[in-house]
Amino acid sequence: MTELTFLPGRTALEAVGLGVRYRRRWALRDCSFRVPAGRVCALVGPNGAGKSTLLSVAAGLRRADAGALSVFDGLPADPDNRPRVAYLAQDKPLYPQFTVADTLRMGRELNPGHWDQARAERLIRQGNLSLHARVGSLSGGQRTRVALALAFGKRPELLLLDEPMGDLDPLVRHEMTAALMTEAAENATTIVLASHVLAELEGVCDYLLLLSGGRVRLAGEVEDLLATHSLVVGRHEEAGEPREFRDHTVVECRVTGRQLTALVRTEEGPLAGRWETSEPSLEDLLLAYLRSPQAPSLLTPSAEPRLGLRRAV
Ligand SMILES: Nc1ncnc2c1ncn2[C@@H]1O[C@H](COP(=O)(O)OP(=O)(O)OP(=O)(O)O)[C@@H](O)[C@H]1O
């Protein structure tokens, strides 16, 4: 645990007007948000939303074409930041001819002074993998375990994971999720976890970044984002949107027969009338925003970028 980890208000990632384009097409456009240090942040969004692009900029592998993204208040490619950040890309590049032990040795040599062999080996042992096995002979899920062991062994302050669990069986996924949670709790590591598996995120992530079409739609503490929305159910008895909804921001409103289901923001106070309301699940919240591209974006106060970033641009 580093001395700085629990300083209040420390920032792991901060974007101001971030834009990234491939040729003429913008993959990220005008993205502004902040992820405080020590959070486990879910990075979600449909295919092509810009999640991998954002992670590659944060890992210092791509440059911003507009605005900026800072990592611990510095530039992502800053040599000071390199040892603090571990990035696990979707394709998890590993050398197939290396054994698991060779791979960990490479991790140790690339990370002098801050490599935790015991931590990396523990993850390997938990999967009953032999240190002498060749990486090329392992299954996709086993290779994922080796890649995660490399990332954990680095003892990063920021762990960037691009859909790391896609090829793991449910038991191993559960175990890896627990390992991630332990990592975050014991070492106050900030984790940004891109995933399409919403069930994998609920109860694991305490922070959320929802992207769609290269823009930020939601950012902030999961708990606060859920608490500022209501799932509304009731009988639909009048044409058009119910009049009680007029003073609220309606993210989504769907009518099936006589049944109305809506997701409504509650900053303006409780909803009047005969409606049954409850707090949405994370899945309800995400799906409603994804189905409603016109719904305004929402950032909780802790996700608003601070002025400090402008110095790093
Ligand atoms: N190397 C590239 N060359 C050209 N366009 C690219 C490249 N990489 C990504 N893009 C485009 O940038 C946009 C964002 O892609 P990105 O891979 O960041 O999305 P994603 O949210 O990670 O998607 P997925 O969930 O499918 O992995 C997409 O429109 C994609 O086609």
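The name given to the protein in an unreviewed UniProt entry is ABC transporter ATP-binding protein, with the source organism recorded as Streptomyces orinoci.

A. The arrangement of the sheet that holds strand β11 (residues 250–256) in detail. Spatial strand order, β11-β12-β10-β13: 4 strands in an open sheet with antiparallel pairing. Edge positions in the sheet fall to β11 and β13 (276–278), since each has one partner strand and no second. Across this sheet, the average inter-strand angle for adjacent strands is 15°, counted without regard to direction. As paired strands, strand β10 (residues 229–235) and strand β12 (residues 259–265) are joined by 7 bridges and run antiparallel to one another. Pairing of H229 across the sheet is with R265, part of β12.

B. Here's a closer look at the domain arrangement of the protein. On domain assignment, one finds that the protein holds domain 1 (11–223 + 300–312) and domain 2 (224–296). Centre-to-centre separation of domain 1 and domain 2, based on C-alpha positions: 33 Å. Breaking the side of domain 1 that touches domain 2 down by element, the ones donating at least two residues are α6 (198–201), β8 (207–212), β9 (215–221) and α7 (222–227). Take the side of domain 1 that touches domain 2: its biggest share by element is 4 residues, from β9. Per-class residue counts for the side of domain 1 that touches domain 2 are 8 nonpolar, 4 polar and 4 charged.

C. Fine view of unusual backbone geometry. In the Ramachandran plot, F72 falls in the positive-phi region, its phi being about 45° despite a non-glycine side chain. With phi around 50°, A188 is a residue other than glycine that occupies positive phi space. Summarising the element assignment, A188 is placed in the loop between α5 (170–187) and β7 (190–194).

D. The arrangement of the pairing of strand β5 (residues 85–88) in detail. Judged by which residues are buried, β5 turns out to be covered on both faces: V85 and Y87 on one side and A86 and L88 on the other are all buried. Bridge count between β5 and strand β6 (residues 158–162): 4 bridges; the pairing is parallel. The partner of A86 across the bridge, within β6, is L159.

E. Structural context of the UniProt feature "domain: ABC transporter" (unreviewed entry) in the protein. In this numbering, the UniProt entry assigns the feature "domain: ABC transporter" (unreviewed entry) to residues 13–238. As a span, residues 13–238 carries 31% helix and 30% strand, and end to end its C-alpha atoms are 46 Å apart.

F. Region of the structure containing the packing of helix α2 (residues 100–110) against helix α4 (residues 140–153). Remark: α2 packs on α4, axes separated minimally by 10 Å, with the N-to-C direction vectors making an angle of 25°. Taken together, the axes of α2 and α4 lie roughly parallel to each other. Read as a crossing pair, α2 and α4 show a hand that is right-handed. Between α2 and α4, the contacting residues are V100, T103, L104 and G107 on the first element and V146, A149, L150 and G153 on the second.

G. Broad picture of the site of the ligand. Neighbouring residues of the ligand: Y22, A27, G45, N47, G48, A49, G50, K51, S52 and T53. Top contributing element to the shell around the ligand by residue count: helix α1 (residues 51–58), with 3 residues. For the shell around the ligand, the class distribution of residues is 3 nonpolar, 6 polar and 1 charged.

H. Seen up close, the nonpolar core. Ranked by size, the top nonpolar core spans 83 residues in total, and within it C41, L160, V192, L193, L208 and L209 carry the most contacts. Ranked by the residues each element gives to this core, the list is headed by α4, at 7 residues. Residues from two domains meet in this core; each of domain 1 (11–223 + 300–312) and domain 2 (224–296) gives at least three.

I. Main features of α1. The buried count for α1 comes to 6 of 8 residues, which makes it a mostly enclosed element. Of all the residues in α1, the buried ones are K51, T53, L54, L55, V57 and A58. Residue G60 follows α1 closely and has a positive phi angle near 80°.

Here is what the cut-offs are and how they apply
Residues numbered from 1 in each chain as written. Predicted model: local features only at pLDDT ≥ 70, side-chain atom pairs only at ≥ 80, totals over all residues. Pairing = 2+ DSSP bridges. Helix = DSSP H or I, 4+ residues; strand = E, 2+ residues; numbered from the N terminus. Axes fitted to C-alpha atoms, helices over the stretch in contact; angles between N-to-C directions. Domains from an automatic or database assignment. Nonpolar A, V, L, I, M, F, W, Y, C, P; charged D, E, K, R; others polar. Buried ≥ 20, exposed ≤ 12 C-beta atoms within 10 Å, placed from the backbone. UniProt positions renumbered as here; feature names shortened; annotations may be inferred. Parallel < 35°, antiparallel > 145°, perpendicular 65-115°, else oblique. Left-handed = near helix turned anticlockwise from the far one by under 90°. Contact = placed C-beta atoms within 7 Å. Near = placed C-beta within 6 Å. Core = buried A, V, L, I, M, F, W, Y, C linked by C-beta atoms within 7 Å.

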